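# Examination of the molecular architecture
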Amino acid sequence: PPKGAMLSHDNVIWTCKSLSMAVPVWDTDELVSFLPLSHIAERMFSVYMPLRFRYTVNFIESTDTVTENIVEISPTVLFAVPRIWEKYSSAIFIKMKDATWFKRLCFGLALKIGRAYARARLEKDGASAPLRLAFGLAHFAIFNKLKERLGMERVRVAISGAAPISPEVLKFYHAIGVPLRQVYGQTEDTGPTSVHKGDLIEAENVGPALPGVEVDIADDGEILVRGRNVFKGYFKNPEATAETLAQGWLHSGDVGELDERGYLTITDRKKDLIITSGGKNIAPQYIENKLKFSPFINDAVVIGDGRKYVSALIFIDEDNVVKFAQENKVPFTTFGSLTKAKEVVQLIADEVDSVNKTLARVEQIKRFSLLPKKLIAEDGEVTPTMKLKRKYINETYAELIEEMYGKRKQS
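Figured I'd write up the structure that's included with this text. (Residues numbered from 1 in each chain as written. Predicted model: local features only at pLDDT ≥ 70, side-chain atom pairs only at ≥ 80, totals over all residues. Heavy atoms only, no water.)

Ranked by internal contacts, the top residues of the largest apolar core, which has 75 residues, are Phe34, Trp85, Met152 and Tyr173. The biggest single contributor to this core is helix α6 (residues 129-150), with six residues. Those residues in contact with methionine 152 that sit more than four places away from it in its chain are Leu78, Trp85, Tyr88, Lys147, Tyr173 and Val178. Ile274, Ile282, Val344 and Phe368 belong to the second-largest nonpolar core, a separate cluster that totals 32 residues. (Core = buried A, V, L, I, M, F, W, Y, C linked by side-chain atoms within 4.5 Å. Buried < 20%, exposed > 50% of the residue type's maximum accessible area, 1.4 Å probe, protein only. Helix = DSSP H or I, 4+ residues; strand = E, 2+ residues; numbered from the N terminus. Contact = heavy atoms within 4.5 Å.)

As a further point, take the side chain of glutamine 182. Relative to the helices and strands, glutamine 182 resides in strand β5 (residues 180-184). Every residue in contact with glutamine 182, bar those within four places of it in the chain, is listed here: Ser160, Ala163, Pro164, Ile165, Leu170, Ser194, Val195, His196, Ala203, Asn205 and Val206.

Here the focus is the sheet that holds strand β14 (residues 297-303). Across a sheet, paired strands are connected by hydrogen bonds in the backbone, their directions being either parallel or antiparallel. Taken together, the three strands give an open sheet; going across it, the order is β14-β15-β16, and neighbouring strands pair in mixed fashion. Each having just a single partner strand, β14 and β16 (365-370) make up the two edges of the open sheet. Averaged over all neighbouring strand pairs, the angle between strand axes comes to 25 degrees, with direction disregarded. Here five bridges tie strand β15 (residues 310-316) to β16, and the two strands are oriented parallel to one another. (Pairing = 2+ DSSP bridges. Axes fitted to C-alpha atoms, helices over the stretch in contact; angles between N-to-C directions.)

This part is about helix α2 (residues 40-53). All of the buried residues in α2 are Ile40, Ala41, Glu42, Met44, Phe45, Ser46, Met49, Pro50 and Phe53. Those residues of α2 that are buried are in contact with α1 (9-22), β1 (30-33), β2 (56-59), β3 (77-80) and β4 (157-160). Immediately beyond the C-terminal end of α2, within one or two residues, lies arginine 54, with a positive phi of roughly 65 degrees.

To continue, consider the pairing of β15. Among the seven residues that make up β15, seven are buried, leaving the element largely enclosed by the rest of the structure. The alternating pattern of β15 places Val310, Ala312, Ile314 and Ile316 on one face and Ser311, Leu313 and Phe315 on the opposite face, and all of these are buried. Pairing geometry for β14 and β15, over six bridges, is antiparallel. Bridging across to β15, valine 302 finds its partner in alanine 312.

Glancing now at the pairing of strand β7 (residues 214-217). Where β7 meets strand β8 (residues 222-226), four bridges bridge the pair, whose relative direction is antiparallel. Considered in β8, the bridge of valine 215 is made with valine 225. Hairpin connection, β7 to β8: the antiparallel pair is bridged by four residues, and glycine 221 has positive phi, about 95 degrees.

Moving on to the packing of helix α4 (residues 82-97) against helix α5 (residues 101-121). Relative to each other, α4 and α5 sit at 145 degrees, their axes nearing to 9 Å. Taken together, the residues of α5 that come into contact with α4 (itself represented by Ile92, Phe93, Met96 and Lys97) are Lys103, Arg104, Phe107, Leu111 and Arg115. In the contact of α4 with α5, the residues fall into five nonpolar, no polar and four charged. (Nonpolar A, V, L, I, M, F, W, Y, C, P; charged D, E, K, R; others polar.)

Okay, the packing of aromatic side chains next. By the definition in use, this model includes 12 aromatic pairs. Ring geometry for tyrosine 117 versus phenylalanine 135: centroids 4.2 Å apart, planes at 10 degrees, classification stacked. Of this pair, tyrosine 117 sits in helix α5 while phenylalanine 135 sits in helix α6, and the two are 18 residues apart along the sequence. Taken individually, tyrosine 117 and phenylalanine 135 each receive the classification buried, so the pair is uniform in this respect. Linked through ring pairs, Trp85, Phe93, Phe107, Phe172, Tyr173 and Phe293 together constitute an aromatic cluster. The ring of tyrosine 234 is capped by lysine 3, whose NZ or CZ atom sits 5.0 Å from the centre of that ring. The positively charged end of arginine 307 is found above the aromatic ring belonging to tyrosine 405, 4.5 Å away from the centroid. (Phe/Tyr/Trp six-rings, centres within 6.5 Å; stacked < 30°, edge-to-face > 60°. Lys NZ or Arg CZ within 6 Å of the ring centre and 35° of its normal.)

Okay, here's the thing in structure tokens:
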């Protein structure tokens, strides 16, 4: 059952001011609102911040018209959860596969330049004059038109929040000229704890704490937060309040690290960390984010706590896998039959193998299963912001999980 987090008027007003100091917004800005307003991050960007700073909020016509509405409005501020950013990037790569060889060549070259430029901006000396010129040409010839088709040509503040985003996805947007940054936080601290500021956006971390917010790391690695954004407690639940608020600090439930600059890196949820039967600690979200960079994988749950090796339950991306099946004459009748087609299983196996090459041996996925259904919030598998409910998935598909550890053949 959900816990009611009590946020005060001071929590909200103070957090709005602090967030605007880190990520300035103007009264001329426009935002497209499409996430549930029951979520604190969307409430902050679509209600509280515009009330304070008077920018325009455009509400979507329906959940089916999000992409069309974004193109129609061309917002200057765009907040979305990782799944949305991942969906956009995978759609781009899939469309490029169908493009002419010349267009693929131009896009590949422009993307290579964009990635080099994005990396160089974070280095001490910055991007060289030739690289800046090359990126300008790539932006003029390729990326500007691409961003227009996405409705992102005016975006100056692009934010991903509510869950960790794959570093590869974030780097991709920087390569095409969309300055995507991460915000990290939770309902209990009125939304944001930390956020990337200015142009210093690094894919591996979530930036420094908001102005006026303190962040510390407990002995067991848990992230602790203190500031005027921290909530008053849970409604009529003193036991849960005492567990979360202790000695003036909010215990986030997340595990992370702080570098010497005060930049925060999230490792995983404390309760989700995997300890294999061999005693190795593994952060499942790190592996899951790598899997989700594939255009054919919608989501994944990495399994391995108390097990001899790591396995994964994988949800395929329906649109892209159906397209693959049609192009390769793979017969199927239902979503379930699609996930059982040997060509589709091999397609995902190749994607898993690619990810495994980037992982330490103990982290590599030895077995996987494709789940024969779509992710639907009404079924209780995901939250309103499309985060997988790990415990529910583990319980619902317990038999399938046991098969991965008891049978040789992948399902």
